[in-house]
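# Breakdown of the fold
The residues making up each chain are set out below.
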Amino acid sequence: MFRTKDMSSVIGQTCGIYTILYECDHKSTDGHRLFHVKCNQCGFETDMQFRYINRAKECNHIKAFGTYINPKIRWKNQRIREIFAGMIQRCYNSTNKNYCLYGAKGIQICQEWIDNPLKFEEWSLLNGYADNLTIDRIDSSKDYCPDNCQWITLEENSRRANANFIQVDG
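Residues numbered from 1 in each chain as written. Predicted model: local features only at pLDDT ≥ 70, side-chain atom pairs only at ≥ 80, totals over all residues. Heavy atoms only, no water.

### Describing the packing of aromatic side chains
- Per the counting criterion, the structure on display carries ten aromatic pairs.
- Here Phe35 and Phe50 contribute two aromatic rings whose centre-to-centre distance is 6.1 Å and whose plane-to-plane angle is 70 degrees, an arrangement assigned as edge-to-face. One end of the pair, Phe35, is in strand E3 (residues 33-39); the other, Phe50, is in helix H1 (residues 50-53), with 15 residues separating them in the sequence.
- On the numbers, 5.0 Å between centres and 80 degrees between planes, the contact of Tyr129 with Trp151 is edge-to-face. (Phe/Tyr/Trp six-rings, centres within 6.5 Å; stacked < 30°, edge-to-face > 60°. Helix = DSSP H or I, 4+ residues; strand = E, 2+ residues; numbered from the N terminus.)

What follows is the structure, given as structure tokens:
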């Protein structure tokens, strides 16, 4: 789309959901140039590498309850980050395939974890998290919160949900 040498022509252009406002005077940690962009759907502004600007097809900057997602959160454990993101999707994204089992039934994430997702990471690491475990709500009618969550194996979690395993090829 644009030559990598002269990127001045992209300033003011709309790519994907973003308008490119200016080239930043700092670079990403891996040395790539950064551009300050503004989301055309919600107004959120951030710095991004050009290669990621055009990839975004829909806005995910605002949580379902109206506050901006903080892109500056520095997770120590990426799997815990992905688990938390899955919880957000199940509880607050009505287009998620599992929303009907969570958010539609009123299941939410406690305000402490919503306000500071790193508290979820901290709780996880202090309460039995391991790479082979999944998050489980002890009482499935209650929210995701420290008093109602535990880490268990996928097999245990499936048994609690009355799911059936089908073994294929051994």
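### Quick notes on the sheet that holds strand E1 (residues 14-15)
- Sheet architecture is open: four strands sit in the order E1-E2-E3-E4, paired in antiparallel fashion. Each edge of the sheet is formed by a strand with only one pairing partner; in this case those strands are E1 and strand E4 (45-49).
- Strand direction decides the pairing type here: E3 and E4, joined by five bridges, are antiparallel. When the bridges of E4 are listed, Lys38 appears paired with Glu45. (Pairing = 2+ DSSP bridges.)

### Quick word on the pattern of salt bridges
- Going through the model one piece at a time under the given rule, you end up with four salt bridges.
- A salt bridge links Asp30 to Arg51, with the shortest nitrogen-to-oxygen separation between them at 3.6 Å. Pair noted here: Asp30 is in the loop between strand E2 (18-27) and E3 and Arg51 is in helix H1, with a separation of 21 residues, a long-range link.
- For Asp30, a relative accessible area of 45% gives the class partly exposed.
- On the basis of relative accessibility, which here comes to 39%, the residue Arg51 falls in the partly exposed class. (Salt bridge = Lys/Arg side-chain N within 4 Å of Asp/Glu carboxyl O. Buried < 20%, exposed > 50% of the residue type's maximum accessible area, 1.4 Å probe, protein only.)

### Things to note about the environment of Ile109
- If you trace the backbone, Ile109 turns up in the loop between helix H2 (78-92) and helix H3 (111-115).
- A sequence separation of 36 residues divides Ile109 from Cys145, and the C-alpha atoms of the two residues are 6.3 Å apart.

### So, a nonpolar patch on the surface
- On the surface, a cluster of nonpolar side chains totalling about 240 Å² of accessible area is made up of Ile11, Leu21 and Tyr22.
- Here Leu21 is to be found in strand E2. (Patch = residues over 30% accessible without salt bridge, like charges linked within 9 Å, V, L, I, M, F, W, Y side chains within 5 Å. Areas by Shrake-Rupley, 256 points an atom, 1.4 Å probe, with all protein chains shown as cover.)

### Thoughts on helix H4 (residues 117-126)
- Looking only at H4, the buried set comprises Pro117, Phe120, Glu121, Trp123 and Ser124. Burial along H4 is one-sided: seen end-on, the buried residues are contained in an arc of 165 degrees.
- Along its buried surface, H4 packs onto H2, H3, strand E5 (133-137) and strand E6 (149-153).
- Looking at the residues trailing H4, positive phi occurs at Gly128, about 95 degrees. (Arc of directions from axis to C-beta. Contact = heavy atoms within 4.5 Å.)

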